[in-house]
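Single-letter residue listing:
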Amino acid sequence: MTIKLKISEFVVRRLETIKNDCSGGLFGLMYQGTLILLGFNLESDSGVGLNYKRMQDNFPTEVDLCGLVKIGSVSNAKAHLKEILTDVDITDNPILLHYNNGDIKASLFIHEKLQDIDFEVMRIDDLYNEFFFVRIQCQLAAFCDATEQSIKESLFGLRINLATGNSSFNIAGSDVYLTATSVIGCDETKAISSLLTEKELQSKKKSAPVKDDYETLNVNLLVKNSLNADDEKLTRSALNLTIDTTNKNPMKIPIAVDALSMLNVNTKLSSLYEILVESLCRILRLTERNLLTQLKTSGKDLNAPIMYHFKPEELGHFFTCIYRAGVSDDDPYLTSKRKSLHQHFGLPVTRPYFRRGNAYRFKNSKSRLLVNPHVGVKGSVIDGTQYLVQGKYTYHHYMQDNFDDNGWGCAYRSLQTLCSWFNYQGYTENKVPSHREIQKYLVDVGDKPQNFLGSRQWIGSMEVSMCLNHFTNVDSKIMHVNSGAELAQKGPELKFHFETQGTPIMIGGGVLAHTILGIDWNSETGEIKFLILDPHYTGVDDLSIVQSKGWCGWKPISFWDKKAYYNLCMPQRPHIF
């Protein structure tokens with residue numbers, strides 16, 4: 001039976017950005033007779049190429065090597081497919097995806113011949129609706145000597161213990177348990193995503209926000225207290241597996257496991273146990289490689305491996321890296337590793353994608369801050385083109401954090417939003433500064449008198465620029481306009497800013513400050529609207545209220561005071577990776 005082929009819109013977009021002839025491995029997910037292509041990586045410029053099977057462990061479980069991508073002129077495609085054929089597990093017929101001058105052609109490799117196959121491009125919002133992620137976080141420990149053999153034996157032992165039925169799982173927030181032989185507390189034929197849906201329905205609001213990312217189902221790794229699956233009592237203690245060694249005093253290496261699996265919404269509960277076990281084994285293989293690399297580069301001093309999940313917007317898929325604790329992002333080895341990842345994914349080296357600060361931030365019920373509240377807000381300029389902020393940020397406004405800054409703190413809040421953007425994009429690991437920290441810095445550098453600290457005094461665009469440089473090591477351009485009406489003429493400059501920098505802009509004028517997230521501009525007629533994030537909001541962080549009441553929304557030129565001058569603080573991206 002011939003498979004049905006779908007290609008993620010993210011893949012199509014990436015193909016359009018690669019200009020040189022190259023090839024690489026295709027990665028995808030098989031479900032219900034359909035193969036969805038989710039991503040690809042490229043051969044190194046050095047000619048060394050990729051170990052496709054090895055890189056597979058960096059992808060979420062269920063996302064596997066499924067074929068070859070060729071960009072530009074095609075040569076030796078069959079030979080290359082034969083080379084990776086033994087590493088393709090999810091289909092008997094690897095895919096050849098050929099992109100050339102804007103055209104995409106897909107072929108199946110059947111009996112050593114290429115056979116054309118039709119495909120469908122899956123839109124990004126459909127991806128978010130039809131797939132979700134399962135995440136396991138737990139604590140394991142490896143006991144070993146600082147030798148290659150001991151590390152391999154210890155990590156192999158951990159994987160064997162997990163794979164031989166000695167582990168159980170609990171769907172977080174539910175009474176559903178999974179063992180090697182049964183599903184407890186739920187019909188095993190039920191779709192896994194139904195558990196996620198039921199949990200969402202309990203707290204669903206009247207106006208659901210536009211889905212702009214994947215949902216995540218958290219799972220706990222548990223210890224079985226009995227061997228009887230029918231009446232066993234399962235505890236919530238973390239599984240701590242150890243391997244005995246001949247050394248009486250082996251090292252204990254803590255492993256804070258954080259593993260992902262990507263699943264279609266129709267995946268049944270009955271298949272989840274094996275997927276979770278493979279997810280743990282996959283992350284432990286990565287851990288083993290990290291420890292062996294440490295052994296080669298640092299000798300016998302082994303640091304705890306720390307797991308980071310990255311999901312660059314350009315890629316649209318997760319990629320997991322393990323970095324050792326206690327090492328700076330500027331470490332030469334980590335710098336070299338990140339550079340190779342940029343090359344393998346065809347990403348520019350002018351901005352960070354795989355620094356620790358870039359790690360994906362999963363939704364946290366404890367966080368009250370809204371992320372990217374502009375998503376779903378529609379512009380209204382006739383024949384206009386939108387130029388928007390690139391990346392994530394958090395919405396900071398009056399009265400948050402139980403702090404009363406109503407009437408004076410709008411520029412502070414806009415600064416916090418700007419700082420959050422640089423934090424989310426990995427340019428800094430510094431936390432968003434508080435009002436007091438902002439004031440203290442301005443006093444320390446002599447910009448403000450001592451009595452400014454703890455006061456309710458305003459700050460403006462120049463102070464925001466100074467603070468951005470201090471807290472995030474970022475420079476800013478200042479654009480001055482003599483009146484709000486003059487902003488109507490700044491479409492070209494703002495277009496250029498959002499295309500090249502993509503950072504939110506703080507604008508101050510009179511006694512008010514706002515954050516500009518983008519413009520909707522018709523270059524022919526000159527009509528322009530501004531996507532404004534308003535820090536003067538004093539209510540709860542409810543997305544439906546923020547959007548429907550216009551606290552985040554498109555504003556016409558009349559929004560700006562014609563009698564007031566304005567200064568725009570336009571942060572510039574540092575060139576780092």
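Keep in mind that what you see is a predicted model, and the values were worked out from it rather than measured.

Draft legend 1. Local environment of the overall build of the protein. For the protein, the helix and strand inventory stands at 13 helices and 24 strands. With 577 residues in all, the protein has 54% of them scored as buried. Residue pairs in contact within the protein that sit at least 24 positions apart in sequence constitute 71% of those at least 6 positions apart. Summed over all atoms, the accessible surface of the protein reaches about 26500 Å², with 48% contributed by carbon and sulfur.

Draft legend 2. Region of interest: the sheet that holds strand β3 (residues 34-42). The strand order across the open sheet formed by 8 strands is β7-β6-β5-β4-β2-β3-β1-β8, and the pairing between neighbours is mixed. Across the chains shown, the open sheet's two edge strands, defined by having one partner strand only, are β7 (113-116) and β8 (119-122). Strand-to-strand twist of the sheet, defined as the mean angle between neighbouring strand axes without regard to direction, takes the value 35°. As paired strands, strand β2 (residues 22-31) and β3 are joined by 8 bridges and run antiparallel to one another. Of the residues in β3, the one forming a bridge with Y31 is T34. Packed onto the sheet, helix α1 (residues 9-17) meets β1 (4-8), β3, β4 (64-71), β5 (95-100), β6 (103-110) and β8 and runs at close to 60° relative to β1.

Draft legend 3. A look at the nonpolar core. Ranked by size, the top nonpolar core spans 46 residues in total, and within it F169, I255, V257 and L272 carry the most contacts. Residue contributions to this core peak at 13 residues, all from helix α7 (residues 272-298). In this structure, V257 is in contact with I136, Q137, C138, L140, L280, I283 and M307, ignoring residues within four places of it in sequence. Core analysis: the next-biggest nonpolar cluster, separate from the first, contains 43 residues, L65, I84, F345 and A359 among them.

Draft legend 4. Seen up close, the environment of S193. For S193, the position within the fold is in helix α6 (residues 193-202). Along the chain, S193 and F133 lie 60 residues apart, while their C-alpha atoms are 9.4 Å from each other. Aside from chain neighbours lying at most four places away, what touches S193 is F132 and V265.

Draft legend 5. Broad picture of the packing of helix α9 (residues 410-424) against helix α11 (residues 461-472). In the contact formed by α9 and α11, the axes pass within 10 Å of each other and the chain directions differ by 35°. Of the two elements, α9 crosses α11, and the hand of that crossing is right-handed. Here α9 contributes A411, L415, L418, C419 and F422 to the contact with α11, which in turn contributes V464, C467, L468 and T472. In terms of residue class, the contact of α9 with α11 is made up of 8 nonpolar, 1 polar and no charged.

Draft legend 6. Main features of the packing of α9 against helix α10 (residues 435-444). Contact geometry for α9 and α10: axes closest at 10 Å, N-to-C directions at 100°. Between α9 and α10, the interaxial angle falls into the category roughly perpendicular. Along its contact with α9, which presents Y412, R413, L415 and Q416, the element α10 presents H435, I438 and Q439. Per-class residue counts for the contact of α9 with α10 are 3 nonpolar, 3 polar and 1 charged.

Draft legend 7. Local environment of the pairing of β2. When you tally the buried positions in β2, you get 9 out of 10 residues, the bulk of the element. Here β2 folds back onto β3 in antiparallel fashion, the turn holding 2 residues, of which Q32 has a positive phi close to 50°.

Draft legend 8. Seen up close, the packing of aromatic side chains. In this structure the tally under the stated criterion is 28 aromatic pairs. Consider the rings of W408 and Y412, whose centres lie 5.3 Å apart with planes at 80°: the pair is edge-to-face. Each member of the pair, W408 as well as Y412, carries the same accessibility label: buried. Seen from their ring centres, Y537 and W551 are 5.3 Å apart, and the 45° between their planes marks the pair as tilted. Here the residue Y537 occupies a position in the loop between β22 (528-533) and α13 (543-548), and W551 occupies one in the loop between α13 and β23 (552-555), the gap between them amounting to 14 residues. For W551, a relative accessible area of 26% corresponds to the partly exposed category.

Draft legend 9. Highlighting unusual backbone geometry. Within the chain, Q32 stands out as a residue other than glycine whose phi angle is a positive 50°. Within the element layout of this structure, Q32 appears in the loop between β2 and β3.

Draft legend 10. Structural view of the pattern of salt bridges. Per the counting criterion, the structure on display carries 26 salt bridges. For K105, the salt bridge goes to D116, with nearest N and O atoms at 3.6 Å. A residue pair is termed long-range when its members are at least 10 positions apart, and K105 in strand β6 and D116 in strand β7 qualify at 11 residues. The residue R285 makes a salt bridge to E278 at a minimum N-O spacing of 2.7 Å. Accessibility expressed as a relative area gives 28% for E278, which makes it partly exposed. Salt bridges linked by common partners bring D57, D64, E278, R282, R285 and R289 together as one network.

Draft legend 11. Representation of the side chain of D64 within the structure. Relative to the elements of secondary structure, D64 occurs in strand β4. Contact partners of D64, with chain neighbours within four places excluded, come to L26, F27, G28, Q56, I90 and R282.

Draft legend 12. Structural detail: the confidence of the model for the protein. Overall, the predicted model of the protein reaches an average pLDDT of 88, with 90% of residues at or above 70. When the criterion is pLDDT under 50, residues 201-208 qualifies, and its contacts beyond four places in sequence or with other chains add up to 2 contacts. Note on residues 225-246: pLDDT is under 50 here. Beyond four places in sequence and across chains, it has 53 contacts.

Draft legend 13. Fine view of α7. The end-to-end C-alpha distance of α7 is 38 Å, a good match for the 39 Å that 27 residues give at a rise of 1.5 Å each. Taking burial as the measure, the 27 residues of α7 include 20 buried ones, the bulk of the element. Phi for G299, located one or two positions after α7, is positive at around 75°.

Conventions and cut-offs
Residues numbered from 1 in each chain as written. Predicted model: local features only at pLDDT ≥ 70, side-chain atom pairs only at ≥ 80, totals over all residues. Heavy atoms only, no water. Helix = DSSP H or I, 4+ residues; strand = E, 2+ residues; numbered from the N terminus. Buried < 20%, exposed > 50% of the residue type's maximum accessible area, 1.4 Å probe, protein only. Contact = heavy atoms within 4.5 Å. Areas by Shrake-Rupley, 256 points an atom, 1.4 Å probe, with all protein chains shown as cover. Pairing = 2+ DSSP bridges. Axes fitted to C-alpha atoms, helices over the stretch in contact; angles between N-to-C directions. Core = buried A, V, L, I, M, F, W, Y, C linked by side-chain atoms within 4.5 Å. Left-handed = near helix turned anticlockwise from the far one by under 90°. Nonpolar A, V, L, I, M, F, W, Y, C, P; charged D, E, K, R; others polar. Parallel < 35°, antiparallel > 145°, perpendicular 65-115°, else oblique. Phe/Tyr/Trp six-rings, centres within 6.5 Å; stacked < 30°, edge-to-face > 60°. Salt bridge = Lys/Arg side-chain N within 4 Å of Asp/Glu carboxyl O. pLDDT = per-residue confidence, 0-100. Expected span 1.5 Å × (residues − 1).

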